[in-house]
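# Report on the structure
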Protein chains: 2
Amino acid sequence: MSTIPTPELSPGFLKSLARIAGVGHLLTDPADCWPYGYDNSRLHALPRGVVFAADEAQIMALVVLCRDAGIPLVARGRGTGTTGATVPDHGGIVLSFERMDTILRIAPEDRLAVVQPGVLNEQLQQAVGAFGFFWPPDPTSAASCTVGGNLAYNSAGPRAVKYGTPRENTLGLTAISGRGERLRTGVLTTKGVVGYDLTRLIIGSEGTLALITEATLKLTPRPEAKRTLRAAYADIHAAAAAVSAIMAQPVIPCALEIMDAAAIRAVRRHAGLDLPEGVGALLMIEVDGPAACIDQSVAAVAAAAHHAGLIELRCAESAAEVAALWKTRKALSPALRHIAPKKINEDIVVPVSRMGELIEGLERLSHESGVQIVNFGHAGNGNIHVNLLIDPDDPAAVESAHACLDAMFSLVLQLGGTLSGEHGIGIAKRDFVDREIEAPVLALMRDIKRQFDPAGILNPGKGFPETAEPTATNR
Amino acid sequence: MSTIPTPELSPGFLKSLARIAGVGHLLTDPADCWPYGYDNSRLHALPRGVVFAADEAQIMALVVLCRDAGIPLVARGRGTGTTGATVPDHGGIVLSFERMDTILRIAPEDRLAVVQPGVLNEQLQQAVGAFGFFWPPDPTSAASCTVGGNLAYNSAGPRAVKYGTPRENTLGLTAISGRGERLRTGVLTTKGVVGYDLTRLIIGSEGTLALITEATLKLTPRPEAKRTLRAAYADIHAAAAAVSAIMAQPVIPCALEIMDAAAIRAVRRHAGLDLPEGVGALLMIEVDGPAACIDQSVAAVAAAAHHAGLIELRCAESAAEVAALWKTRKALSPALRHIAPKKINEDIVVPVSRMGELIEGLERLSHESGVQIVNFGHAGNGNIHVNLLIDPDDPAAVESAHACLDAMFSLVLQLGGTLSGEHGIGIAKRDFVDREIEAPVLALMRDIKRQFDPAGILNPGKGFPETAEPTATNR
């Protein structure tokens, strides 16, 4: 990663910072700050300081301090992001939300919960589950990622195919803009059209517009029943066609996950996978709904899954069988980590009807570049996690992978898709953004950013292509 | 309405306007322009010209012309809005979208439709219905309102309680900003986090940020079965409590409409209403879903509706019975129009759990002010159409009504609600907006508007409190 010269913090700034943070809630020793400089992208940059905020007033004071001094301020949940969006590559201060982890209110009668941003996704699910509800966004990292992070990236997960992303499941926010002002956006209700929709604008903005201090989340009742199916196909094209067929009938599954042949091979070594011979692709399907019609719903989805190339369709009847069916999928991430610890993991999206073309194109790219590609992901949304298995310490491999990525992004856009479904842009994908977003729109987005954050201190350089424009830290 | 001096159009401007509009697609005679100066709010202001655009290039040229001349440009669908948002009270040009009424593409395999803004809501529903889909937003005016108008106001309708508003059912837009630039926002897929969410920012912005020229709409499969129930209660409090109970269980109705005693009285004169004695409030409930479990779904909702104060619960078994049950509700609008042709119709929202308090407060306000108030609306969202039945030609009545409205808005905000659920702000409610939206947020919204529309030509003065700032037409 290119290094951007970051200014030392002045003694006066440090003194103010210590006062705002309070005793025991500021790190400035580089060794202490080090772990707060990375995320799951494995990118790293050393912050000059780390503040563990406890409330809104403190965050407001911190923003004002950084704004006046022109020091970057980077929000951080638990660092589970995969694009480097929380990596302070422009230096400055990391603001950790880990102490702001309180569920402030659960109102089952209004189907909402009010939470602080540092609440873990799983912690929220357990708390609202006690009232018979869930919050749909369910990233794989749910046990360790924060709601604030989910909102910052608009992170979803398998359930989004039926229940939507954070943008469809958040009613309102409280946030501190880069101006240092408190913004209350949205409503407590499922309808509201007073003023512009700043709630959705802030969601997915990766901490570049405002720092979320409180979120009002829309809750969904837990379905009575859920069934798991596993459909094995001869090849990925058969599986992709089945996904189209499943998504074209009325019963929307609550998960519709795909694994290609390379992904299956990667986990073959694990004993007891219990997969028939000749399987070239797998679909993991979950169907939920009222107990009274779960059998009919499963039948409708199963009928659509019965596509040419289907080798086996199994439906779990017990919790043990569910676990057995998911075993292949769950084994995938550790297996890939073992094979290629520094793999590149993309999360492109194409319209469901174009998924077959995408897969063909990826096979061609893999063949041409010599880069092994493993595909899995949320097929019901057309959201595929394309994994390039390379050794990043081999310069030739890195070069091939980058050429391959470049060609893949072109393919995705040509198919009417988008470069990111749920991981966001951060540092990793910022230089590709202008291929998807046209220049006038990009310029407008930068202008909007300037209204929220005139000094350019909030997570500078993230989410957009880097420009020659002076940034907060080097102007 | 206060009159704002609007400049005459110069001969040079008119010549360019005629060239851009093309023969037969421009009105400038005041008598011809007159009908394009009102909407269903009954507010009126005479536009200086009306252009009937046919394509994007023309709209871009029109924006550039108006931008350079500082002439207001007001987008208009079919004028069914109720807040004066399309009324050109700052003068200038009305841009009618009625010629841009083509459904460009229906892609059942990707569950989307691409339409021009002048397509009527009902026209869209019929076209996608042929493929087994619907688009959830369903304003009462569906037969005559445009999709562009639905998007401009984020207009919903009864189905929003289960299926959401336009913001939850739109994937992307093409629009022309006030700068005269073409903006492509959003994606073709149900996931996407590249750049800021300008799609939702433009939806609900009442033509103040950009002119929508094309919309990609998310389609939903039509449910197999639907059942209609009518629950009659002794009073509105019992009905409000039943709404809370219905919304706290997992089966979400696809419509949950309420009528209070005054609304029932207004339609009593209509024969054959077939309502038992002593009814003080009605709920109209629709439940949809797979045929296999519709009985169980109805039973779950009916059980929740069985609340203290229930007088009668009927479930329609045939189309004729459905029509009979809806008769009371359908008779309401004509009856109210007869009683008070110029009634004030608000569409405030409160959290469902606060609806009882709202109703009590409204009864108190009606009693204190002497203004007759009729309440009905989308109870499942807490979205109540509060109708103040007054004669606007009686100055004393108007004064009482305004005092009553003022107190009502305070009550709504105190209950955690919002001033508008689906009608928007326009002219009618702009002076109340700063009670709901705090000053820093309002300032930020104005700053965002300036980025989209630096010359301030797009629907100036709408949606926000009027300020002392110079506007495009009088600076």
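This is a predicted model, so every value here is computed, not measured.

## Observations regarding the overall build of chain A
- Helix and strand content of chain A: 15 helices and 18 strands.
- The C-alpha atoms of chain A give 23 Å as radius of gyration, which agrees with the globular expectation for 475 residues (23 Å, within 12%).
- Seen through its principal axes, chain A has C-alpha atoms that stretch 70 × 60 × 45 Å.
- Considering chain A as a whole, with its 475 residues, one finds that 61% of them fall into the buried category.
- Sequence separation of 24 or more characterises 73% of the internal contacts of chain A that already satisfy a separation of 6 or more.
- When the accessible surface of chain A is split by element, carbon and sulfur atoms take 53% of a total near 16,800 Å².

## Quick look at the sheet that holds strand β14 (residues 281-289) of chain B
All names here are of chain B.
- On the basis of which strands lie adjacent, the open sheet formed by seven strands has the order β15-β12-β14-β13-β17-β18-β16 and antiparallel pairing. At either end of the open sheet lies a strand with only one pairing partner, and these are β15 (310-315) and β16 (344-349). With strand direction ignored, the average angle separating the axes of adjacent strands in the sheet is 15°.
- Here six bridges tie β16 to strand β18 (residues 383-389), and the two strands are oriented antiparallel to one another. In the sheet register, Asp347 faces β18, and the bridge partner there is His385.
- Helix-sheet contacts for helix α13 (residues 395-414) involve β16, β17 (372-378) and β18, and the interaxial angle to β16 is about 10°.

## Notes on the sheet that holds strand β2 (residues 49-52) of chain A
All names here are of chain A.
- The mixed open sheet is built from four strands, whose spatial order is β1-β2-β4-β3. The open sheet is flanked by β1 (26-27) and β3 (73-76), the only strands paired with a single partner.
- Alignment of β1 against β2, held across two bridges, turns out to be antiparallel. What sits directly across from Leu26, in β2, is Val51.

## Quick word on the interface of chain A and chain B
- Residue-level contacts link 76 residues of chain A with 75 residues of chain B.
- Taken together, both faces of the contact between chain A and chain B bury some 6,700 Å²; the carbon and sulfur share is 61%.
- Of all residues in chain A, Lys191, Val193 and Tyr196 of chain A bury the most surface against chain B, accounting for 15% of the area lost on that side.
- The tally of links from chain A across to chain B stands at twelve salt bridges.
- Elements with a minimum of two residues in the side of chain A that touches chain B: β9 (182-186), α7 (198-202), α14 (433-436) and α15 (439-452) of chain A.
- With nine residues, the top contributor of residues to the side of chain A that touches chain B is α15 of chain A.
- Grouping the constituent residues of the side of chain A that touches chain B by class yields 36 nonpolar, 22 polar and 18 charged.

## Some points on the environment of Pro454 of chain A
- Along the chain, Pro454 of chain A turns up in the segment after α15.
- Spatially, the C-alpha atom of Pro454 of chain A lies 56 Å from that of His306 of chain A, the residues being 148 residues apart in sequence.

## Some points on the UniProt feature "domain: FAD-binding PCMH-type" (unreviewed entry) in chain A
- Sequence positions flagged by UniProt for "domain: FAD-binding PCMH-type" (unreviewed entry) are, in local numbering, residues 43-222 of chain A.
- Along residues 43-222 of chain A one finds 22% helix and 26% strand; the C-alpha atoms at either end are 38 Å apart.

## Let's talk about the state of the cysteines
- This structure, assessed with the given rule, holds one disulfide over all chains.
- Note on cysteine connectivity: Cys293 of chain A is disulfide-linked to Cys293 of chain B, with sulfurs 2.3 Å apart. Taken together, the positions of Cys293 of chain A in the loop between β14 (281-289) and α10 (294-305) and Cys293 of chain B in the loop between β14 and α10 (294-305) put the pair across two chains.
- We classify Cys293 of chain A as buried; its relative accessible area is 1%.
- Take Cys66 of chain B: it sits in no disulfide, and the sulfur closest to it among the cysteines is that of Cys33 of chain B, at 13 Å.

## With respect to the domain arrangement of chain A
Residues and elements named next belong to chain A.
- For chain A, the assigned domains are domain 1 (103-221), domain 2 (224-328) and domain 3 (340-424).
- Between domain 2 and domain 3, the C-alpha centre-to-centre distance is 23 Å.
- Contacts between the two partners involve 13 residues from domain 2, matched on the other side by 17 residues from domain 3.
- In this assembly, domain 2 packs against domain 3 so that about 1,200 Å² is buried in total across both faces, 62% of it on carbon and sulfur atoms.
- At the junction of domain 2 and domain 3, the tally comes to zero salt bridges.
- Where domain 2 touches domain 3, the interface holds five residue pairs in polar contact (both at pLDDT 80 or more).
- Of all the secondary structure elements, the ones that give two or more residues to the side of domain 2 that touches domain 3 are α8 (236-247), β13 (255-260) and α9 (261-268).
- Among the elements that line the side of domain 2 that touches domain 3, the one with the most residues is α8, at six residues.

## Notes on the nonpolar core
- Ranked by size, the top nonpolar core spans 174 residues in total, and within it Leu283 of chain A together with Leu283 of chain B carry the most contacts.
- Not counting chain neighbours up to four residues away, the residues in contact with Leu283 of chain B comprise Leu229, Arg230, Ala231, Tyr233, Ala239, Ala242, Val243, Ile246, Leu256, Glu257 and Ile258 of chain B.
- Ranked by size, the runner-up nonpolar core spans 24 residues in total, among them Leu65, Cys66, Met100 and Leu211 of chain A.

## Looking at the relation of the copies chain A and chain B
- Note on the copies: chain A fits chain B at an RMSD of 0.0 Å, the axial shift is 0.0 Å, and the rotation between them is 180°. In symmetry terms, the pair is related by a two-fold rotation axis. Across chain A, the smallest distance between a C-alpha and the rotation axis is recorded for Cys293 of chain A, namely 2.5 Å.
- Looking at the interface residues of chain A, 99% of them are also at the interface in chain B, so both copies use one shared face.

## Considering the packing of helix α12 (residues 355-369) of chain B against α13 of chain B
Residues and elements named next belong to chain B.
- Where α12 meets α13, the axes come as close as 10 Å, and the angle between the chain directions of the two elements is 160°. In terms of their interaxial angle, α12 and α13 are classed as roughly antiparallel. Like other packed secondary-structure pairs, α12 and α13 cross with a definite hand, here right-handed. In this structure, α12 contributes Leu358, Gly361, Leu362, Leu365 and Ser369 to the contact, and α13 contributes Ser400, Cys404, Ala407, Met408, Leu411 and Val412.
- Here the residues of the contact of α12 with α13 sort into eight nonpolar, three polar and no charged.

## Looking at the packing of aromatic side chains
- Tallying each qualifying case throughout the model produces eight aromatic pairs over all chains.
- On the numbers, 5.3 Å between centres and 85° between planes, the contact of Tyr36 of chain B with Phe52 of chain B is edge-to-face. One end of the pair, Tyr36 of chain B, is in the loop between α2 (30-33) and β2 (49-52); the other, Phe52 of chain B, is in strand β2, with 16 residues separating them in the sequence.
- Note that Lys330 of chain A overlies the ring of Trp326 of chain A, its terminal NZ or CZ placed 5.8 Å from the centroid.
- Over the aromatic face of Tyr38 of chain B sits the side chain of Arg76 of chain B, whose NZ or CZ is 5.3 Å from the ring centroid.

## Overview of helix α11 (residues 319-339) of chain B
- The terminal C-alpha atoms of α11 of chain B lie 30 Å apart, and with 21 residues this matches the ideal 30 Å at 1.5 Å per residue to within 8%.
- Along its length, α11 of chain B shows its largest kink, about 45°, at Lys327 of chain B.

## Focus: the packing of helix α8 (residues 236-247) of chain B against α10 of chain B
Residue and element names in this part refer to chain B.
- Contact pair α8 / α10: the axes reach a minimum separation of 8 Å and the direction vectors enclose 140°. For the element pair α8 and α10, the recorded crossing hand is right-handed. Between α8 and α10, the residues in contact are Ala242, Ala245 and Ile246 and Val301, Ala304 and Ala305, respectively.
- Here the residues of the contact of α8 with α10 are counted per class, giving six nonpolar, no polar and no charged.

## Details of unusual backbone geometry
Residue and element names in this part refer to chain A.
- Located in the positive-phi region is Arg42, a residue other than glycine, with phi close to 70°.
- Mapped onto the elements, Arg42 comes out in the loop between α2 (30-33) and β2.
- Overall, the relative accessible area of 52% leaves Arg42 in the exposed class.

## Thoughts on α15 of chain A
Residue and element names in this part refer to chain A.
- Taking 1.5 Å as the rise per residue, α15 with 14 residues should run 20 Å; its terminal C-alpha atoms sit 20 Å apart, in good agreement.
- Among the 14 residues that make up α15, ten are buried, leaving the element largely enclosed by the rest of the structure.
- For α15, the complete set of buried residues consists of Val441, Leu442, Leu444, Met445, Arg446, Asp447, Ile448, Lys449, Gln451 and Phe452.

Reading guide: rules and limits
Residues numbered from 1 in each chain as written. Chains lettered and ligands numbered in written order. Predicted model: local features only at pLDDT ≥ 70, side-chain atom pairs only at ≥ 80, totals over all residues. Heavy atoms only, no water. Helix = DSSP H or I, 4+ residues; strand = E, 2+ residues; numbered from the N terminus. Rg over C-alpha atoms; globule rule 2.2 N^0.38 Å. Buried < 20%, exposed > 50% of the residue type's maximum accessible area, 1.4 Å probe, protein only. Contact = heavy atoms within 4.5 Å. Areas by Shrake-Rupley, 256 points an atom, 1.4 Å probe, with all protein chains shown as cover. Pairing = 2+ DSSP bridges. Axes fitted to C-alpha atoms, helices over the stretch in contact; angles between N-to-C directions. Buried area = accessible area lost by both parts, 1.4 Å probe. Salt bridge = Lys/Arg side-chain N within 4 Å of Asp/Glu carboxyl O. Nonpolar A, V, L, I, M, F, W, Y, C, P; charged D, E, K, R; others polar. UniProt positions renumbered as here; feature names shortened; annotations may be inferred. Disulfide = S-S within 2.5 Å. Domains from an automatic or database assignment. Polar contact = N/O pair within 3.5 Å; in protein donor to acceptor, adjacent residues only side chain to side chain. Core = buried A, V, L, I, M, F, W, Y, C linked by side-chain atoms within 4.5 Å. Least-squares fit on C-alpha atoms with pLDDT ≥ 70 in both. Parallel < 35°, antiparallel > 145°, perpendicular 65-115°, else oblique. Left-handed = near helix turned anticlockwise from the far one by under 90°. Phe/Tyr/Trp six-rings, centres within 6.5 Å; stacked < 30°, edge-to-face > 60°. Lys NZ or Arg CZ within 6 Å of the ring centre and 35° of its normal. Expected span 1.5 Å × (residues − 1). Bend = angle between axes of the 7 residues up to and from the residue.

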